[in-house]
Structures are given as structure tokens and as C-alpha cells.
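Here is how the chains run, residue by residue.
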Amino acid sequence: CSWLKELCRQEQLEEVKKLSCGQAEFSDLRLEYYADRIDPKIGVSPRMLMENNLRLAKRFAVEFAGNLLFVGGTGLGKTFLSSCVATAAARQGYSVTYETASHLFSNLEKHRFNPDEATQEIVHRYEACDLLIIDDLGTELPGNFVTAALYSLVNDRLLAGKPMVISTNLTIDEMRARYSPQIASRLQ
């Protein structure tokens with residue numbers, strides 16, 4: 001039924017709005033906040049870099065294939081772009097789960113060591129949703145459980161062809177050292 005699909009789509013948009021602290025739209029991104037001067041460290045201006053990231057995020061939201069990894073310092077727009085992708089995917093009727101890394105691993109740990117119906121449902125959403133967004137990877141407490149859980153989640157979603165968007169302040173080398181070369185390779 002078309003009305004039921006629309007109701008589900010509206011519910012998904014409300015859920016994304018709650019999870020990502022607002023309903024971000026690509027049109028809300030203000031490129032003028034990014035410097036237009038070429039940064040000698042990266043060879044392009046921050047504005048050109050964000051324009052490219054915006055173009056990739058928009059294409060991802062339309063094609064809904066592959067994965068996105070946003071890497072960079074604090075305040076550069078990674079979370080905002082992730083929220084924009086979440087909103088666009090929800091508008092198309094896809095199921096989206098948006099979670100900070102610390103909450104995600106806390107929920108996975110609760111489910112692993114003290115399973116109940118509530119954590120089972122949450123973990124099932126991480127596995128079954130059309131799009132999983134993990135915000136601020138690297139802010140969680142490190143350890144063997146986190147490394148194993150991250151590998152399992154990322155690997156399982158990659159094998160199932162289920163898209164992910166992950167944002168982090170960590171470089172690929174830092175991810176390799178913090179988690180493992182296998183995880184860094186899959187994220188890259």
C-alpha cells in the first residue's frame with residue numbers, strides 16, 4: 001500500500017531526526033565557511049575539498065551503493081554530511097540507523113555480556129538496516145571487545161553489501177594502530 005510506505009518513510013525520517021540531532025539537508029551546507037585558499041599541506045583549498053565531499057555524499061545518497069568514510073579533524077562537517085546522507089536515505093524509504101561509536105559499542109557490549117530483548121533489538125537494527133551510520137569512530141574506549149565487535153560488524157555488512165557511512169578524527173594509520181590492519185583495510 002502506498003499510504004503504508006509513506007507512513008513508514010515519515011517514521012524513518014522522524015527516527016533519523018532524533019538519532020542525528022536534527023534533520024540536516026545538503027542545501028543547508030554553507031561552503032562559504034570553508035577557506036578558499038589552497039592549503040599547502042593538502043594541495044587544495046578546504047572549500048574545494050568540501051565541495052568534492054559534498055558531491056560524493058550527494059551521489060552516494062542517490063545511488064545508495066558502496067560506503068563512505070569521512071576522515072578529518074574536529075569541526076570540518078563530517079557529522080553534518082553524515083546527517084545529510086541519513087536524511088536523504090530516509091526520504092527515499094531506506095531504513096537508517098545513526099549511532100555514535102561510543103553508544104554503538106556500549107550497546108554491543110551490553111548485548112554480548114548481559115543480553116536482553118532491548119539490546120537484541122538494537123543489535124538487530126545495526127545488522128539489518130539498509131544504511132548504518134557510525135559517527136565519531138575512535139571516541140569509544142579502546143579494547144579487545146571493541147576491535148572484535150568493529151571487525152565483525154564492518155565485515156558482515158561489507159559481505160552483505162549493506163552500505164555504511166563512518167566518520168572519524170583518526171587517520172588510516174591511527175585506525176591501523178588502534179584497531180588492526182584488517183579493520184583499517186576494510187574501512188579504507
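Residues numbered from 1 in each chain as written. Predicted model: local features only at pLDDT ≥ 70, side-chain atom pairs only at ≥ 80, totals over all residues. Heavy atoms only, no water.

One open sheet holds the 4 strands; their spatial order is β1-β4-β3-β2, and the pairing between them is parallel. In the strand order of this sheet, the two ends are held by β1 (68-71) and β2 (96-100), each with one partner. Shown here is a sheet whose adjacent strand axes are inclined to one another by a mean of 10°, direction ignored. Bridge analysis of β1 against strand β4 (residues 164-168) gives 4 bridges, and the strand direction is parallel. Paired with L69 across the two strands is I166, which belongs to β4. (Pairing = 2+ DSSP bridges. Helix = DSSP H or I, 4+ residues; strand = E, 2+ residues; numbered from the N terminus. Axes fitted to C-alpha atoms, helices over the stretch in contact; angles between N-to-C directions.)

To continue, consider unusual backbone geometry. Here F64, not a glycine, exhibits a phi torsion of approximately 50°, which is positive. Counting through the fold element by element, F64 comes out in the loop between α2 (46-63) and β1. F64 gets classed as buried once you look at its relative accessible area, which sits at 11%. Located in the positive-phi region is D136, a residue other than glycine, with phi close to 65°. You can call D136 partly exposed: its relative accessible area is 26%. (Buried < 20%, exposed > 50% of the residue type's maximum accessible area, 1.4 Å probe, protein only.)

What follows is about the packing of aromatic side chains. Tallied over the entire structure, the rule returns 3 aromatic pairs. Judged by centre distance (6.1 Å) and plane angle (45°), the ring pair of F60 and F64 falls under tilted. Neither residue differs from the other here; F60 and F64 are each classed as buried. For the pair F113 and F145, a centre-to-centre distance of 5.7 Å together with 55° between the ring planes defines the contact as tilted. One end of the pair, F113, is in helix α4 (residues 101-113); the other, F145, is in helix α6 (residues 144-160), with 32 residues separating them in the sequence. (Phe/Tyr/Trp six-rings, centres within 6.5 Å; stacked < 30°, edge-to-face > 60°.)

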